[in-house]
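Next come the chains, spelled out residue by residue.
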Amino acid sequence: MKIAFDKHCSMLLVGTFLGCVVLALAQGSFYARRDLTVGHYPTAVASADVNADEKWDLVVANYGSGTVSIYLASGNGHFHAPINVRVGGAPSSLAIADFNKDGRTDIAVTNWIEKKVIILTSKARGEGWQVQAEYQVGIGPTSVAAADFNGDRLTDLAVANGFSNDVSTLLADGRGSLQPATRWKCGSEPRSVVTADFNGDGAADLAVANRRSANVTILLGNGRGGFSPTDQLGVGDNPISIAAGDANQDGRIDLATAHLKSGFVSVWIGDGKGKFIGPRSFNTQMEPSSVSMHDLDCDQRLDLIVANRFSGSVSVLLGDGTGNFTEAKNYKVGDSPLSLALADLNQDGWLDVAVVNRDSENLSILLGDRAGGLAVSTNFAVGDFPRALAAGDLNGDGHTDLAVTSFPDKVAVILGDGQGRFGSPAIYQAGDGPRAVGIADFNADGHPDLIIGNENSGDLSLLIGDGKGAFAAPVHFKTGAGPSFLTVQDFDRDGRLDVAVVNRDSDTISVLLSNGHGQFAEAVNYRVGRGPSGITAGDFNNDGIVDLASANLFSHNVSVLLGREGSRFAEAVNFATGHGPFSVAAADFNRDGKLDLVTANTGSGNVSLLLGDGRGHFAAPRHVPAGETAAVLISSDFDQDANPDIAVANFGSATVAVLMGNGRGGFALAVHYGAEAATRSVVAADFNHDGRPDLAIANRDSDTVSILINAAIQ
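A quick note: this is a predicted structure, and the numbers were derived from the prediction, not measured.

Procedures and definitions
Residues numbered from 1 in each chain as written. Predicted model: local features only at pLDDT ≥ 70, side-chain atom pairs only at ≥ 80, totals over all residues. Heavy atoms only, no water. Helix = DSSP H or I, 4+ residues; strand = E, 2+ residues; numbered from the N terminus. Rg over C-alpha atoms; globule rule 2.2 N^0.38 Å. Buried < 20%, exposed > 50% of the residue type's maximum accessible area, 1.4 Å probe, protein only. Contact = heavy atoms within 4.5 Å. Areas by Shrake-Rupley, 256 points an atom, 1.4 Å probe, with all protein chains shown as cover. Lys, Arg positive; Asp, Glu negative; His and termini not counted. Charge placed at Lys NZ, Arg CZ, Asp CG, Glu CD. Salt bridge = Lys/Arg side-chain N within 4 Å of Asp/Glu carboxyl O. Phe/Tyr/Trp six-rings, centres within 6.5 Å; stacked < 30°, edge-to-face > 60°. Core = buried A, V, L, I, M, F, W, Y, C linked by side-chain atoms within 4.5 Å. Pairing = 2+ DSSP bridges. Axes fitted to C-alpha atoms, helices over the stretch in contact; angles between N-to-C directions.

Asks: Help me understand the overall build of the protein chain in this model?
Replies: When helices and strands are counted, the protein chain shows zero helices and 61 strands. Expected size for 714 residues packed as a compact globule is a radius of gyration near 27 Å; at 29 Å, the protein chain falls within 12% of this value. Projected onto its principal axes, the C-alpha coordinates of the protein chain cover approximately 90 × 45 × 45 Å. For the protein chain, with 714 residues in total, the buried portion stands at 63%. In the protein chain, of all internal contacts separated by at least 6 residues, the share reaching a separation of at least 24 is 44%. For the protein chain, the accessible area works out to roughly 25100 Å², and carbon and sulfur atoms hold 48% of it. Averaging the coordinates of the 52 positive side-chain charges in the protein chain and doing the same for the 81 negative ones gives two points 7 Å apart.

Structure follows, in structure tokens:
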């Protein structure tokens, strides 16, 4: 299946019926925003099939690093590591076409500082990208568009020059090169150029948004490569982006402009003779920086998709086919989004959105949700500053619920409906500074209880559950200083669940044995490394007894404590990790029948894998990139291939990175999914009864929990 667009920007599915095809999403994907790291100060993104494999690839211009990043699609909305091509100072905009008549897709990129447009070409299959030619244009080129301006069936270029107040056109010479530029006057500080046939004569025309003069210049083409100005359309302050399409389905091209110092976009209705009337204005969020017209909901009516720089969001306004649009629905992306591209990135027959974010230096991908919206995480309110969460059926209805610790001394319970949605929070008292939470039946009544580690009061809070989703007042049990993470296991093998908690301020692990009636014995403390902040349990030496491992933030290692008969533990043995391990998990990542360890390293932004030998020792770490300030990680089989995978909450980037395991101790490149703000914890559970593990993420600064539904093939 291929996707093309007619001259009115409507989506056509070539080779199938005119409509929408619904295909399954990929294994190991989640319904959430995906973020890819790009170069410094990205300013533009474009999409095309640059390697002829019938998948939409992405190309990004990195203004600050002087490079173009090419992301070849691996299928189902995922991409290979970028191919970076150096193009000189300040690449500012992109156009993609076959400029040299070799049958392969090329890239045109404007260079703002050097006043050039540069053509990048490749060898077969999108490999070997290099600079093929450079052409002089005006001063401060800001935008480029490609079309056949002289009717010779070759692709030409038009470049808006922001400081020389003109447009440069470069016609193909028929020998694989472009002729010297011809320049056409427009308004003051042109920032965006678009091409379409505005007067119905079959020749490509130009519309240029001029920021400083607050107007749009219409340049009508004569079909021989020449242009004549016919109108200076006053559109309002700071027009920075322009798009063209038939918004009212009258067969004539209309315009949409985004106005940076505002919170709206304007639509101008074309008369088919090169004139426009309007405007009709529609609210977005603050500082719209880029506007595009496409049929996002596949109803044969063009919609508006807008990137909002100040708000860090994308607005979607669905069109009704009369030139009017619905109220904007807004989706969070990175910081300072500047440019949009739309394509079917996951090959499901629906358009998706890619947006580059200048200040967070990443590329956000939002997959279409098949209803005119974008597939993002669903967020549910909890208490203030959520820190940790646990999942379980708290009210006995067969659906997975969540318990979330919140500042300064509370725990919130939100009950799930079995379809991935959650109700309003019920708030319960905990201790001072609740940092960790677990769910288990500690009094043998068949109902789940809550156990909470309180960092400031140095204790555990036990809240007995009634089996209907409510909990009693807490009972407190002393631990070491600064309990932060906990694990629940039967350490003394008496059939009763016990608790072990790491104490970051006293460099210990406290083990509290349960009597099965809602009480715990006095804590027994074991010395570990410096600043323990994560804990996991498992049988690391295959003797049938549970062992413990802590991630030690300040000593940059893990401490392994092998279990002994009678609920005791041996002295800790330390194994090096990356810098600043914040959490640790255990699984058999190379499927040799021996448990391995993996840590999320806040200081080095990566994950360390330590392969176990089955005797309680671990090999030197292997490091895998995981994202900015990697904090809390868990292991689960997200793509259901029987190989354990990893999910890592990245505090600094407000994302969760998912790394798919290959069963041989290796991992695929991390795929970053967007949550809300300051992601602090992550847990996996099946929230919608489809048999696949989903993700829940605690967002400290937005007081929410994000739910990411697993989109793997059934």
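Now that the structure has been shown, we can carry on.
Asks: How should the pattern of salt bridges be read in this particular structure?
Replies: Opposite charge on two side chains permits pairing when their charged atoms draw close. The full count for this structure, using the stated rule, is 19 salt bridges. Note that Arg104 and Asp102 form a salt bridge whose closest N and O atoms lie 3.6 Å from each other. Residue classification places Asp102 among the partly exposed positions, given a relative accessible area of 30%. One salt bridge connects Lys410 with Asp409, and the closest N-O pair in it is separated by 2.6 Å.

Asks: Mind showing me how you'd approach the packing of aromatic side chains here?
Replies: To describe a pair of aromatic rings, you give the distance between the ring centres and the angle between the ring planes. For the structure shown, the criterion picks out 19 aromatic pairs. For the pair Phe491 and Phe569, a centre-to-centre distance of 5.7 Å together with 75° between the ring planes defines the contact as edge-to-face. Linking Phe491 in the loop between strand 43 (483-489) and strand 44 (498-503) with Phe569 in the loop between strand 49 (557-561) and strand 50 (573-576), this pair joins segments that are 78 residues apart in sequence. Classification of Phe569 as buried rests on a relative accessible area of 9%. Ring plane angle 80° and centroid distance 5.7 Å describe the contact between Phe540 and Phe618, whose orientation is recorded as edge-to-face. Here Phe540 is found in the loop between strand 47 (532-538) and strand 48 (547-552), whereas its partner Phe618 is found in the loop between strand 53 (606-610) and strand 54 (622-625), with 78 residues between them in sequence. The class for Phe540 is buried, based on a relative accessible area of 1%. In this structure an aromatic cluster arises from ring pairing among Tyr41, Tyr63, Trp112 and Phe163.

Asks: Could you clarify how one ought to interpret the nonpolar core in this entry?
Replies: Among the nonpolar cores identified, the biggest contains 34 residues, and Ile509, Leu548 and Leu695 are the most heavily contacted of them. Elements supplying a minimum of two residues to this core: strand 44, strand 45 (508-512), strand 47, strand 55 (630-636), strand 56 (645-650), strand 57 (655-659), strand 58 (671-674) and strand 60 (694-699). Tallying contributions element by element places strand 55 first for this core, with three residues. Setting aside anything within four residues of it in sequence, one finds Ile509 in contact with Ala500, Val501, Val502, Asn503, Val524, Asn525, Tyr526, Val528, Ile535, Leu548, Ser550 and Leu561.

Asks: Mind showing me how you'd approach the environment of Ser313 here?
Replies: Relative to the helices and strands, Ser313 resides in strand 28 (residues 313-317). Assessed through its relative accessible area of 3%, Ser313 is described here as buried. In this structure, the C-alpha to C-alpha distance between Ser313 and Leu562, residues 249 residues apart in sequence, is 49 Å.

Asks: Even after reading the chapter, I still don't get the sheet that holds strand 5 (residues 57-62), so can you show me in this structure?
Replies: The strands making up a sheet associate through backbone hydrogen bonding, with each pair oriented either parallel or antiparallel. Judged by pairing direction, the sheet is antiparallel, and its four strands sit side by side in the order 4-5-6-9 without closing on themselves. Across the chains shown, the open sheet's two edge strands, defined by having one partner strand only, are strand 4 (42-48) and strand 9 (83-86). Across the sheet, the mean angle separating the axes of adjacent strands is 20° when strand polarity is ignored. As defined by bridge partners, strand 6 (residues 67-71) adjoins strand 9 across four bridges and the pair is classed as antiparallel. For Ile70, the partnering residue across the bridge sits in strand 9 and is Ile83.

Asks: How should the sheet that holds strand 47 be read in this particular structure?
Replies: An order of 47-48-49-50 is seen for the four strands of this open sheet, with the pairing classed as antiparallel. Sheet topology places strand 47 and strand 50 at the edges, where each strand pairs with a single neighbour. For this sheet, the mean inter-axis angle between neighbouring strands, taken without regard to orientation, is 25°.

Asks: Explain the side chain of Ser290 to me, please; I cannot follow it from the model alone.
Replies: You can see Ser290 is positioned in strand 26 (residues 288-294). On the basis of relative accessibility, which here comes to 10%, the residue Ser290 falls in the buried class. Among all residues touching Ser290, those that are not within four sequence positions of it are Ser241, Ala258, Ile305, Val306, Ala307, Leu338, Ser339 and Leu340.

Asks: Would you mind going over unusual backbone geometry with me for this structure?
Replies: Of all residues except glycine, most have a negative phi; of all peptide bonds, most are trans. Note that the residue after Gly278, namely Pro279, is joined by a cis bond; omega there is 5°. Considering the arrangement of structural elements, one finds Pro279 in strand 25 (residues 276-283). Positive phi, close to 60°, is recorded for Ala52, a residue that is not glycine. Within the secondary structure, Ala52 is located in the loop between strand 4 and strand 5. According to the relative accessible area criterion, Ala52 is exposed, its value standing at 68%. One non-glycine residue, Glu189, lies in positive phi territory at about 60°. With respect to the helices and strands, Glu189 occurs in the loop between strand 17 (182-185) and strand 18 (190-196).

Asks: Would you take a moment to explain the environment of Ala145 for this structure?
Replies: Relative to the helices and strands, Ala145 is located in strand 14 (residues 141-147). A relative accessible area of 8% means that Ala145 is categorised as buried. Considered as a pair, Ala145 and Leu206 are 61 residues apart in the sequence and their alpha carbons are 9.1 Å apart. Filtering out sequence-adjacent residues up to four positions away, Ala145 remains in contact with Asp156, Leu157, Ala158, Val193 and Thr195.

Limitation: the analysis is restricted to geometry and does not speak to function.
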